[in-house]
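Understanding the architecture of this molecule
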Amino acid sequence: MTAPSTQQHPVTVRVFIQQLSATPRGARLARHLALNQLHAWGIPHGTDASDAVALIVAELAANAVTHGRVPGRDFELRLSLVTGSVRVEVTDTRSGPRPPGPGVVPPVRPLDEGGRGLVLVEAVADRWEVLDREPPGKTVRAEVDLPGVAVPGQGDERAACAGSRGPDLIRTTGPS
């Protein structure tokens with residue numbers, strides 16, 4: 001006897017990937033590119049989700065440039081629009097100690113000049129984690145849920161089934 005099969009509905013996943021120079025200019029550009037991509041995906045500027053993603057990208061990109069910089073190597077910004085959330089991934093190529101993960105980020109004292117980036121990510125993201133990367137490096141991944149945000153082609157299973165054409169992948173490279 002075989003178990004009855006359950007029908008799985010296809011889901012459209014949209015992905016934006018950009019290599020950026022590990023410089024302050026690259027970190028600023030990451031935030032601007034993320035906001036523009038969210039807007040193109042139907043998540044307007046100024047919404048809670050857009051503001052949360054912008055803050056997360058800004059902090060993770062700044063960390064990649066400040067703590068994860070390897071001369072001559074870029075960092076990568078990856079945004080994924082999946083059913084119900086936006087996933088942000090920032091990857092750098094520096095090996096060495098990993099940053100603290102969820103639940104173990106040390107509190108910041110009021111007069112400290114730094115150390116607030118992951119505190120902010122932990123406060124704003126619905127989920128986040130630190131992943132090892134092969135070859136050396138690490139990825140910090142954070143997700144922001146999209147409750148009540150109408151994302152074209154998502155949220156309605158019938159529309160997803162009828163309109164699914166596989167993942168939309170936007171990969172851009174070039175000068176940053």
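The numbering scheme is per chain: residues are counted from 1 as the chain's sequence reads. Reporting of local features is limited, given that this is a predicted model, to residues whose pLDDT is at least 70; pairs of side-chain atoms are given and counted only at 80 or more, and all residues count toward the totals for whole chains, interfaces and linings. Note that water and hydrogens are dropped before the side-chain values are worked out from all heavy atoms of the structure.

**A closer look at empty space enclosed by the protein**
The following threshold applies: Both site types are read off a 1 Å grid over the protein atoms alone. A 1.4 Å probe that fits but cannot get out defines a cavity, while an open set with protein on both sides within 12 Å along at least five of seven lines defines a pocket; lining residues have an atom within 4 Å of a point. Grid points are joined across faces, edges and corners, and a volume is the space filled by probe spheres set on the points. Amino acid classes used here: Ala, Val, Leu, Ile, Met, Phe, Trp, Tyr, Cys and Pro are nonpolar; Asp, Glu, Lys and Arg are charged; the rest, including Gly, are polar.
Summed over the entire model, instances satisfying the criterion amount to one cavity of 30 Å³ or more. A volume near 30 Å³ is recorded for the largest cavity. Lining the largest cavity are Ala22, Ala64, Gly68, Arg69, Val70, Arg73, Asp74, Phe75, Asp92 and Thr93. Of the residues belonging to the lining of the largest cavity, the class tally is four nonpolar, two polar and four charged.

**Notes on the pattern of salt bridges**
So the rule is basically this: Criterion for a salt bridge: a side-chain nitrogen of Lys or Arg within 4 Å of a carboxyl oxygen of Asp or Glu. Where helices and strands are cited, they refer to DSSP runs of H or I of at least four residues and of E of at least two residues respectively, numbered from the N terminus. Relative accessibility under 20% of the residue-type maximum defines a buried residue, over 50% an exposed one, and the middle range a partly exposed one, all with a 1.4 Å probe and only protein chains included.
Per the counting criterion, the structure on display carries eight salt bridges. Across the salt bridge formed by Arg141 and Glu89, the nearest N and O atoms sit 3.2 Å from each other. One end of the pair, Arg141, is in strand E5 (residues 138–145); the other, Glu89, is in strand E3 (residues 85–92), and 52 residues separate them in sequence. On the basis of relative accessible area, Arg141 is assigned to the partly exposed category, the value being 23%. According to the relative accessible area criterion, Glu89 is buried, its value standing at 11%.

**Points about the pairing of strand E4 (residues 127–132)**
Short version of the rule: Any two strands with at least two DSSP-identified bridges between them are counted as paired.
Sheet topology note: the E4/E5 ladder contains six bridges and is antiparallel. If you follow Leu131 over to E5, its bridge partner there is Thr139. The hairpin formed by E4 and E5 contains five residues between the paired strands, and Gly137 there has a positive phi angle of roughly 140°.

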